[in-house]
Amino acid sequence: MKGVPILIAVALLVASTSYAQQQPQQNGQLPNGAPPSDSPIEPRPRDVPPGGRASTPAQNVVAVPVPVAPPRPNGPIQKSLVRITATEVAPDYRAPWNAGMLGRGIGAGFVIEGNRIMTNAHVVSNSRYLTVERDGDPNKYPAKVLFVAHDCDLALITVDSPNFYKNMLALKFGGIPELESTVSAYGYPIGGERMSVTTGIVSRIDFQLYTHSSIDQHLAIQISAQINPGNSGGPVMQNAKVVGVAFQGYSGDVAQGVAYMVPTPVINRFLKDVSDGRYDGYVDLGITYGKLQNPAQRKFLGLKDDGRGVLVETVVAAGPCAKILQPGDVLLSIDNHPIASDGNVELEGERVEMPEVVERKFKRDNVKFDIWRDKQSTSGSVQLDTVPPYLMQSHKYDVRPRYVLYGGLLFQPLSLDLLEAYQPTDLRLRHFFDFYVIDQIYREHPDVIVLTNILPDPINTYLAPYRGGIVDSINGKKIHTMDELSQTLAEPADRLVIDLIGDGPPLVLDPKQVEGARERIKMRYNVVREQNLQELPTAKAPDLQTKI
């Protein structure tokens, strides 16, 4: 399910939530930033009780048996766990014609049936080259990505070498672990090169924001086992079965011992989705709803005092529910599951949030509603699909940014990645981003085109105050998409009058001067291409078939 982007809440969560992908350790500090302790705790004499004196030899000391956990309760994990090294290139949104910044990350993965390796999407995103290592083998095996699900932070990769899977064991999946039950997380976190295992309890089962996309919310399980950089993609085990994939946690200055794993319902849905050879992604209702627990409000709507129903607040016109739902409707049930006034339904013996019913469905599946409208009962069904406008508010990976460079003016479509790159303070940009879906801004502006930067040149002197403005029209023609922008700028004209949304005079350019400065600007700023209008996948080198 897509979350409604509230500026303050999302900003705090994104700022405080970190992936468990390994990064270099600096200054010899511990992962939480604290310096190593130089004052060890003094040991107490073995026979001295706390606050007491040493016992006399005549006293008998009775040893209390301490339960010891059985060794390797989850079996030979070393034969299933792998270490993944990714060389990645992140897009440069401030200079989108450049290849981007080169980086390196470490993650974990584990072998499942079909000679496939499961890991996190953020471990392999924007990767140019992947290598996989297994326990007891000094070789690094080139790997390739089979499927990536950025909306639920899962991926499948494989190794073509016929010798790699020899003696490797495919892990099996279990169910949702019970609260307070013990789980073990395996991976390759900072602090060493060999496999690490941490143990903790299941402390919460709830819907959470998946920070890889920063817009999707799915079922997640909170565990107290330490999840550190390098644990990403590693299995979380219970009774020799995988019950989750470690994927994110809070930084040490925000919360201690709070980490999350992707649970098996999300994993199984991903595996079923890709079984036909492609990943269609999560479907969404495209609505927001509120709880109906206030007695006066329920009486006003004519509802029974039975604790059922949630109020539909907004309906996205581009979503599947726009055909049958409208703001003010009350949803009483979904697929014959009664909806409680707090938004929960009973599913497989558990109380879960209503969207969990949709979470387990796929593209082109149907969902049925019982609806209370104008104090009368009605019903209807919809065919589920994705809601494309939400993509503007999510992170994008493995694609080249779209842009148009004209006369040193850089035009780019508004996106989450763009906001993070430029950190604008213009409240108009924030409004267009936050309310892009809810206020249906996408209907008039499929692309919210922003003048993000100006490459200084004599032809664009004194235009700096226009930076950060949103394009409304050019020469009186409304501009809705990047394609329209490119076509309009290419049309013959004596002058270009660019109107930006809001008050103030328009921006004016002389096309003849722009044409005369093209090569000068390209050479001065190393501009390889003046525009890219499609989010095509980034070019990757051919897959290598041999180990190195």
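Not measured: the values here are computed from a predicted model. Position numbers for residues start from 1 in each chain and track the written sequence from start to end. Thresholds applied to this predicted model are a pLDDT of at least 70 for local features of residues and 80 or more for the giving and counting of side-chain atom pairs; totals over whole chains, interfaces and linings are not thresholded and use all residues. To obtain the side-chain values, all non-hydrogen atoms of the structure were used and water was disregarded.

Trainee: Help me out: how do you make sense of the overall build of the chain in this one?
Mentor: Counting secondary structure elements, the chain contains 9 helices and 29 strands. Pairs of residues are marked as contacts when any of their non-hydrogen atoms sit within 4.5 Å. Within the chain, counting contacts between residues at least 6 apart in sequence, those at least 24 apart form 65% of the total. Per-residue and other accessible areas were derived by the Shrake-Rupley procedure at a 1.4 Å probe size, with only the shown protein chains allowed to occlude residues. For the chain, the computed accessible surface area is about 27900 Å², with 52% contributed by carbon and sulfur atoms. In DSSP terms, a helix is any run of H or I states spanning at least four residues, a strand is any run of E spanning at least two, and both are numbered starting from the N terminus.

Trainee: How should a nonpolar patch on the surface be read in this particular structure?
Mentor: A contiguous nonpolar surface patch, about 250 Å² in accessible area, is contributed by I176, L179 and I205. Of note, I176 is situated in the loop between β7 (154–159) and β8 (182–187). In this scheme, patches are assembled from residues that exceed 30% relative accessible area and form no salt bridge. Like charges are connected within 9 Å, while nonpolar side chains (Val, Leu, Ile, Met, Phe, Trp, Tyr) are connected within 5 Å. Salt bridges, as used here, are contacts in which a Lys or Arg side-chain nitrogen is within 4 Å of a carboxyl oxygen on Asp or Glu.

Trainee: What's the story with the sheet that holds strand β3 (residues 101–112) in this structure? I'm lost.
Mentor: By definition, the strands of a sheet pair up through backbone hydrogen bonds, in either a parallel or an antiparallel sense. Should DSSP find at least two bridges between two strands, the strands are taken to pair. What the 6 strands build is a closed barrel, ordered β2-β3-β4-β7-β6-β5; its pairing is antiparallel. Neighbour to neighbour, the strand axes of the sheet diverge by 40° on average, direction disregarded. Across 3 bridges, the pairing between strand β4 (residues 116–119) and β7 is antiparallel. Counterpart to I117 in the pairing with β7 is I157. Helix α3 (residues 264–273) contacts β3, β4, β6 (141–149) and β7 of the sheet and is inclined by roughly 55° relative to β7. Here the axes come from fitting lines to C-alpha atoms, over the contacting stretch only for helices, and the angles between their N-to-C directions go from 0 to 180 degrees.

Trainee: Help me understand the nonpolar core in this model?
Mentor: For soluble globular proteins, the rule of thumb is that nonpolar side chains tend to be buried together. Here, nonpolar core refers to any group of buried Ala, Val, Leu, Ile, Met, Phe, Trp, Tyr and Cys residues whose side-chain atoms link them within 4.5 Å. Per-residue accessibility, obtained with a 1.4 Å probe over protein chains only, is compared with the maximum for each type, and a residue is labelled buried under 20%, exposed over 50%, and partly exposed between these values. Counting residues in each nonpolar core, the largest one holds 51 residues, and the members touching the most others are L414 and L485. In terms of nonpolar packing, the next biggest core, distinct from the first, is built from 32 residues, C152, F207, Y210 and F247 among them.

Trainee: I'm lost on the packing of aromatic side chains in this one. Help?
Mentor: The relation between two aromatic rings is expressed through the spacing of the ring centres and the mutual angle of the planes. Stacked, tilted and edge-to-face are the three classes assigned to paired rings of Phe, Tyr and Trp, where Trp is represented by its six-membered ring and a pair needs centres within 6.5 Å; plane angles under 30 degrees give stacked, over 60 edge-to-face, the rest tilted. As enumerated under the stated definition, the model contains 7 aromatic pairs in all. Considering the side-chain rings of Y210 and F247, the 4.7 Å spacing of their centres and the 40° angle between planes classify their relative orientation as tilted. Of this pair, Y210 sits in the loop between β9 (196–209) and β10 (217–223) while F247 sits in strand β12 (residues 241–250), and the two are 37 residues apart along the sequence. Both residues of the pair, Y210 and F247, belong to the buried class. Every member of this aromatic cluster is reached through a ring pair, and the members are Y141, F164 and Y165.

Trainee: What am I meant to see in the pairing of strand β24 (residues 449–454) here?
Mentor: Looking along a regular strand, one sees the side chains alternate between the two faces of the sheet. Counting buried positions over the 6 residues of β24 gives 6, a clear majority of the element. Note that strand β23 (residues 409–413) and β24 share 5 bridges and pair antiparallel. Directly across from P413, in β24, lies its bridge partner I449.

Trainee: What is the right way to read the pattern of salt bridges from this model?
Mentor: Proximity of charged atoms lets side chains of opposite charge pair with each other. Considering all chains together, one arrives at 21 salt bridges under this definition. Close ionic contact of R83 with E133 constitutes a salt bridge, the shortest N to O distance being 3.7 Å. Here the residue R83 occupies a position in strand β2 (residues 81–90), and E133 occupies one in strand β5 (residues 127–134), the gap between them amounting to 50 residues. Taking relative accessible area as the criterion, R83 reaches 8% and is therefore assigned buried. Residue R524 pairs with D457 through a salt bridge whose shortest N-O separation is 3.2 Å. Separated by 67 residues along the polypeptide, R524 in helix α9 (residues 511–524) and D457 in the loop between β24 and β25 (471–474) bring together distant segments of the chain. For D457, a relative accessible area of 5% translates into the label buried. Residues participating in the shared-partner salt-bridge network are R83, E133 and E193.

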